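# Reading the structure
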Amino acid sequence: LHRRVWWKEATFYQIYPASFKDSNGDGWGDIPGILEKIPYIASLGVDVVWLSPMFDSPQVDMGYDISNYEDVYAPYGTVEHVENLIEACHANDMKLILDLVVNHTSDQHVWFKKSRSSKDDPKRDWYFWRPARYDEHGNRMPPTNWRSYFAGGTWTWDEHTQEYYLHLYDKSQPDLNWENEECRRAIYDSAMRFWLDRGIDGFRVDTVNKYSKHVDFPDAPITDPTNVVQPAAQFWCNGPRIHDFIKEMNADVLSKYKTYDGLPVVTVGELSLTPDPEGVLHFVSAREKELDMVFQFDITHLGQGPPGCGDKYDFAEWKLPEMKRIVEKWQTFVEGTDGWTTVFNENHDNGRSVSRFASDAPEWREKSAKMLALCFAAQTGTWFLYQGQEIGMINAPKEWGVEEYKDVESQNHWKEAVQLVGEGTDPTRKERILHGLQLMARDHSRLPMQWNSSENGGFSTGKPWMRAHDLYTEINAEAQEKDTGSVLAFYKRLLRLRQDHKDVLVYGSFELLDPENVSTFVYRKHYQEKTALVAVNFTTAPQPLPPTEDMKLLISSNSKTMPNSLQPYEGRICINY
Ligand code: TEU
């Protein structure tokens, strides 16, 4: 049986500062806006707020390109505002964790400015600089053929010092060299202790398994003949020293701090390209003293090209059994271990779950949102919700043009598509990538939060940095707070249910039933003599209900239930106690 710990039973609520609430009408969300909404957040019944980067940044990658870990992006507010937010969360019996983005900095960070100033600068080695290679015609070439997550290559030439620097992401996000101990110490002080000393309760750790690169920098095999750059995540995910680095971060920094109520601070790592359960367990086993838990992205990868910066936006059809097998894998891998798992289907990097995994058509949108909420709420692990998920927000309308997609990843993949069509190497790429963006662009999770039916959904009195959804008059928190049958009301019921039945819902063991059924997702949860049956209909037609003898209905996403069949997009939990 799993050891009981606070962060296993807690529900986390992720806030994307740019899109949550604008308090001063400049079109950008801000920290004072979040403070205004503390009563709303507390009313959900969540236990921890995860705030996405609010640090000083040129905002090329929406704050995941940090130019000063110890200051706040001015349009968001000040360090003092964040201190007020820490206090307000604690006063409402909620913890606050920040985003730890230390695989790279912005190219505007003073560390990088010094590093690029001269080959002899003491900080030169705090980033990865390598000389050019030259082809048989004497043309300059980057040190490797690696493909960036944001399309294009992972090296950019620096004219001033005549070398390339490495960036797995955008060229404005140079990778920090974790092999350099002085650099690691500076990261621990500036990005971690500065905020832990101000009372935060832990971190969500960005790109947590990418800090140890194969520093011999080999070329990646040619797996994409249409492109000059190749998927190469195997050369930076789970590299030779990754566990040493994370163990050091934990031992030297995290283990020295407690939450405001005296508990161990929490870490949740953003892990990618780690398909083997043993590999994941190495990061989350308590005895390893590395991380408490990690996000596994197989669910959010459904429909995307092969993970590891393959062809993410070239949509590939998937069927429900694929999702069920993924859930089964990451529900069961921790059983009998001292590890832990997470449960989520939305974040700031993904399209909205209602649009991606069910139906956002007007007649099915609310049912889908409740059905998905129930399907994931009953799973073992720590539940993470993303702002707007609790009111059933959906993807931007397909009618929007690609210029509405502000995300650097969307823009870079689109530009690459235009270029490849132009070169004649891939004539249908533009419509495929547009279709992929309409379904899976990170932008869909970054539309302004919809608070009420006033202009821009009550997010801002100014022009929002990102267009508000056209349906904010129909989908908004205010309307749903008054409606006991709303998606919001249902999420609040599920959050309470998880606490009332935490043994079987949070800690129980998972058993998948009828795995090949393409219409329903049915599983059991067991905890000693207790059993819960979870039956979910992912279609617009009634589906037979599995036998529920000697079980009673705990909750359904439908107000009325049929004894022997699941209604369209209905989710139901029955228990035997
Ligand atoms: O995301 C990491 C990221 O997007 C990919 O490395 C991801 O792991 C891969 O596509 C497999 O799913 C984090 C942040 O969440 C994201 O917003 C940032 O853009 C990125 O890192 C760079 O900091």
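Refer to the structure printed above.
Below, the structure is looked at part by part. The shown structure was predicted, so the numbers you read here are calculated from the model rather than taken from an experiment.

Cut-off values and rules
Residues numbered from 1 in each chain as written. Predicted model: local features only at pLDDT ≥ 70, side-chain atom pairs only at ≥ 80, totals over all residues. Heavy atoms only, no water. Phe/Tyr/Trp six-rings, centres within 6.5 Å; stacked < 30°, edge-to-face > 60°. Helix = DSSP H or I, 4+ residues; strand = E, 2+ residues; numbered from the N terminus. Buried < 20%, exposed > 50% of the residue type's maximum accessible area, 1.4 Å probe, protein only. Expected span 1.5 Å × (residues − 1). Bend = angle between axes of the 7 residues up to and from the residue. Polar contact = N/O pair within 3.5 Å; in protein donor to acceptor, adjacent residues only side chain to side chain. Salt bridge = Lys/Arg side-chain N within 4 Å of Asp/Glu carboxyl O.

## Concerning the packing of aromatic side chains
For the structure on display, the rule yields 42 aromatic pairs. Measuring from centroid to centroid gives 4.9 Å for Tyr40 and Trp451, while their planes differ by 85°, and the two rings are edge-to-face. Here the residue Tyr40 occupies a position in helix 4 (residues 38–44), and Trp451 occupies one in the loop between helix 14 (429–440) and helix 15 (477–481), the gap between them amounting to 411 residues. A relative accessible area of 7% places Tyr40 in the buried class.

## What to know about helix 7 (residues 181–196)
Its 16 residues place the ends of helix 7 21 Å apart at the C-alpha level, agreeing with the 22 Å of an ideal helix rising 1.5 Å per residue. Approximately 30° is the largest bend angle found in helix 7, and it occurs at Asp189. Among the residues making up helix 7, those that are buried are Cys183, Arg184, Ala186, Ile187, Tyr188, Ser190, Ala191, Met192, Phe194, Trp195 and Leu196. Near the N-terminus of helix 7, the side chain that reaches the backbone nitrogen of Glu182, with its oxygen 2.9 Å away, is that of Asn180.

## Remarks on the pattern of salt bridges
Inspection of the entire model under this criterion finds 41 salt bridges. Between Glu288 and Lys247 there is a salt bridge whose closest N-O contact spans 2.7 Å. With Glu288 in the loop between helix 9 (277–284) and strand 13 (293–295) and Lys247 in helix 8 (residues 242–252), the pair connects residues that are 41 residues apart, well separated along the chain. For Glu288, a relative accessible area of 24% translates into the label partly exposed. With relative accessibility at 28%, the residue Lys247 sits in the partly exposed group. Here Arg429 and Glu416 are joined by a salt bridge, their closest N and O atoms 3.5 Å apart.

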